Amino acid sequence: MSSDYYEVLGIGRDASAEQIKRAYRKKAMQVHPDVTSDPDAEEKFKQVNEAYEVLSDPQKKSIYDRGGDPAHAGAGAGAGGGFDPFGGFGGFNGGGQMGFDVGDLLGAMFGAGGTTRGPRSRVRQGSDQLVRLDLTLAQAAFGTEAPLTLDTYVVCPHCHGQGSANGEEPVTCTRCHGSGSITQIQHSFLGDIRSTATCPTCQGYGSVITDPCPECSGEGRVRARRDITVKVPAGVSTGNRIQLRSQAEVGTGGGPAGDLYVEVNVQPHEVFTRDGDNLEMMLTIPMTAAALGCKVPIKTLESELAHADPKKSTVELAIPAGTQSGARIAIKGRGVMKLRGRDSKQRGDLGVTIVVQTPTKLDESQRKLLEELADARGEVGDGIAKTHADDKGFFEKLRKAFTG
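Each residue is numbered by its place in its chain's sequence as written, counting from 1. Local features in this predicted model are restricted to residues whose pLDDT is 70 or higher, and side-chain atom pairs enter the listing and the counts only when it is 80 or higher, whereas totals over whole chains, interfaces and linings include all residues. Each side-chain value is derived from all of the structure's non-hydrogen atoms; neither hydrogens nor water enter the calculation.

*Asks:* I would appreciate a short explanation of the packing of aromatic side chains in the present structure.
*Replies:* Where two aromatic rings form a pair, the distance of their centres and the angle of their planes describe that pair. Ring geometry is summarised as follows: Phe, Tyr and Trp rings, the Trp one being its six-membered ring, pair when their centres sit within 6.5 Å, and such pairs are stacked at plane angles under 30 degrees, edge-to-face over 60 and tilted between the two. Evaluated as defined, the whole model comprises three aromatic pairs. By the ring-pair criterion, three or more aromatic residues cluster together here, those being Tyr5, Tyr6 and Tyr64. Comment: the charge-over-ring label is applied if NZ (Lys) or CZ (Arg) is within 6 Å of the ring centre and within 35 degrees of the ring normal. Positioned above the aromatic ring of Tyr205, the side-chain terminus of Arg120 is 4.6 Å from the ring centre. Between the NZ or CZ atom of Arg223 and the centre of the ring of Tyr153, over which it lies, the distance is 4.9 Å.

And the structure:
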């Protein structure tokens, strides 16, 4: 099959969410391994499900339409450019290099003097962090407490953020006398031009740590691995972000920590597909069961929870006699918990699409029985097939079954 998800489902790029859903159900019925003898049916069925997973999710669809990888929907920005995904474009310091300021230059030329900047503080706010958390469908649907390991900055355990090995306070810089900057004079045909630059001795802090901490080199923080627990609310989906205040990296000088943003990524499920707050699945039954009707126990998503309630782990599905392939039976209240709903117990439905399996291998006794049944029902000879015009009611029901 094509690698283009739109071609896989046989739809245009301007297809609506409802059209995508109808196309998925129709295509899934055509390539399902239980209804076709195509040796590649299983792979095609997986590709159809993969296409629907992406195109039914607005965020993944947007990334796919732009040529990106929907598996990394919502991932943090790449390196370069000084861009901070939470705070816009971050600044770049001079690192001790002299930088001219227009105000300083004009002031120096016309006698106004330089701008007083003052020393920088050693204590600074830590940066925000963005990490991804992989969840199972059950964890996302019903909520969980997920462990998460962070590689981040923490307060130096040796100096407790002071940056000094012996606990002494920094001393005033003898070069800039505590101002954090130095003044330089350049001679030109316009006269003497004064300019200011970050003091190279104290790096603009106005003070010097005479005996830096050997653990953090005077920075007041060290790189470490930290374990936390993330409380995930029920009903989250891929792309949702959970904000944990002051749980990101600690700033220099033991400064306050930034915020941690945990982006949810829900892994595909082998049985269930999520459609908003509903869960969808396909159930294959024999032709005889579809004709006569039956009751089938279905294992629900709750069965995958760590402490699953046996009463909720299965549900009995009653399939009426005469059920056609493609019919969808909704089980109320067995879908996904609604995120931020007024009623935290409110849930979507579990939709079960029936696939009627026609036998492909019959022994002589089975064939004889079917022939007798066909003869008794008058389904032999000419006239056994009907066109749309012959039976509009039947085909209208079939069309609705395929299109939802």
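*Asks:* In this structure, what is going on with unusual backbone geometry? I would like to understand it.
*Replies:* What is expected of a backbone is that most residues other than glycine have negative phi and most peptide bonds are trans. Non-glycine residue Ser217 carries a positive phi angle of around 60 degrees. Secondary structure elements follow DSSP: runs of H or I of four or more residues count as helices, runs of E of two or more count as strands, with numbering from the N terminus. Along the chain, the position of Ser217 falls in the loop between β8 (207-208) and β9 (221-232). With a phi angle near 60 degrees, Ser246 is a residue other than glycine that sits in the positive phi range. Secondary-structure assignment places Ser246 in the loop between β10 (241-244) and β11 (260-266).

*Asks:* I would appreciate a short explanation of the sheet that holds strand β16 (residues 328-331) in the present structure.
*Replies:* In sheet architecture, strand pairing relies on hydrogen bonds along the backbone and comes in two forms, parallel and antiparallel. In space, the four strands of this open sheet follow the order β12-β13-β17-β16, with mixed pairing throughout. What marks the edges here is a single partner per strand, and that holds for β12 (273-275) and β16. Taken pair by pair, the neighbouring strands of this sheet meet at an average axis angle of 35 degrees, ignoring direction. When DSSP finds at least two bridges between two strands, those strands are taken to pair. Note: strand β13 (residues 278-286) against strand β17 (residues 350-357), eight bridges, orientation parallel. Paired with Leu283 across the two strands is Ile354, which belongs to β17. In this analysis an axis means a line fitted to C-alpha atoms, helices contributing only their contacting stretch, and an angle means the value between N-to-C directions, from 0 to 180 degrees.

*Asks:* Help me understand the packing of helix α3 (residues 41-55) against helix α4 (residues 58-65), please; the structure alone is not making it clear to me.
*Replies:* Axes are the key here: two packed helices are described by the angle between their axes and the distance separating the axes. Interhelical geometry of α3 versus α4 gives an angle of 100 degrees and a closest axis separation of 6 Å. Taken together, α3 and α4 sit at an angle that is classed as roughly perpendicular. Judged by residue contacts, Glu53, Val54 and Leu55 of α3 engage Lys60, Lys61 and Tyr64 from α4. Under this grouping Gly is polar, as are all residues other than the nonpolar Ala, Val, Leu, Ile, Met, Phe, Trp, Tyr, Cys and Pro and the charged Asp, Glu, Lys and Arg. Split into classes, the residues belonging to the contact of α3 with α4 amount to three nonpolar, no polar and three charged. Throughout, the term roughly parallel applies to angles under 35 degrees, roughly antiparallel to angles over 145, roughly perpendicular to angles from 65 to 115, and oblique to all others. Whether two residues are in contact is decided by their heavy atoms, any of which lying within 4.5 Å being enough.

*Asks:* What am I meant to see in α4 here?
*Replies:* Three- or four-residue spacings in an α-helix give side chains the same orientation, since the helix completes a turn every 3.6 residues. Those residues of α4 that sit buried are Lys60, Lys61, Ile63 and Tyr64. Down the axis of α4, the buried side of the element spans an arc of 165 degrees, and every buried residue falls inside it. On its buried face, α4 is in contact with α1 (5-9), α2 (17-31) and α3. Residues adjacent in sequence count toward polar contacts only when both atoms are side-chain atoms; beyond that, a polar contact is any pair of N or O atoms within 3.5 Å, and within protein one must be able to donate a hydrogen and the other to accept it. At the N-terminal boundary of α4, the capping side chain belongs to Asp57, with an oxygen 3.2 Å from the backbone nitrogen of Lys60. Gly67, located one to two residues past α4, shows a positive phi value of around 90 degrees. Partly exposed describes any residue whose relative accessible area lies between the buried limit of under 20% and the exposed limit of over 50%, with all areas from a 1.4 Å probe on protein chains only and scaled to the type maximum. Note that the arc is defined by the directions from the helix axis to the C-beta atoms.

*Asks:* What is the right way to look at the environment of Lys21 in this model?
*Replies:* Locating Lys21 in the fold gives a position in helix α2. For the pair Lys21 and Leu55, spaced 34 residues apart in sequence, the C-alpha separation works out to 9.2 Å. Once residues lying within four places of it in the same chain are set aside, the contact partners of Lys21 are Tyr52 and Asp275.

*Asks:* Looking at this structure, I do not really get the sheet that holds strand β3 (residues 129-135). What am I missing?
*Replies:* One open sheet accounts for three strands, arranged β3-β11-β10; its pairing is mixed. Looking at strand neighbours, the two that pair on one side only are β3 and β10, the edges of this open sheet. Across the sheet, the mean angle from the axis of one strand to that of its neighbour is 25 degrees, orientation sign disregarded. Direction of pairing for β3 relative to β11: parallel, over a ladder of seven bridges. Residue Arg132 lies in a different strand from β11, and its bridge partner there is Glu263.

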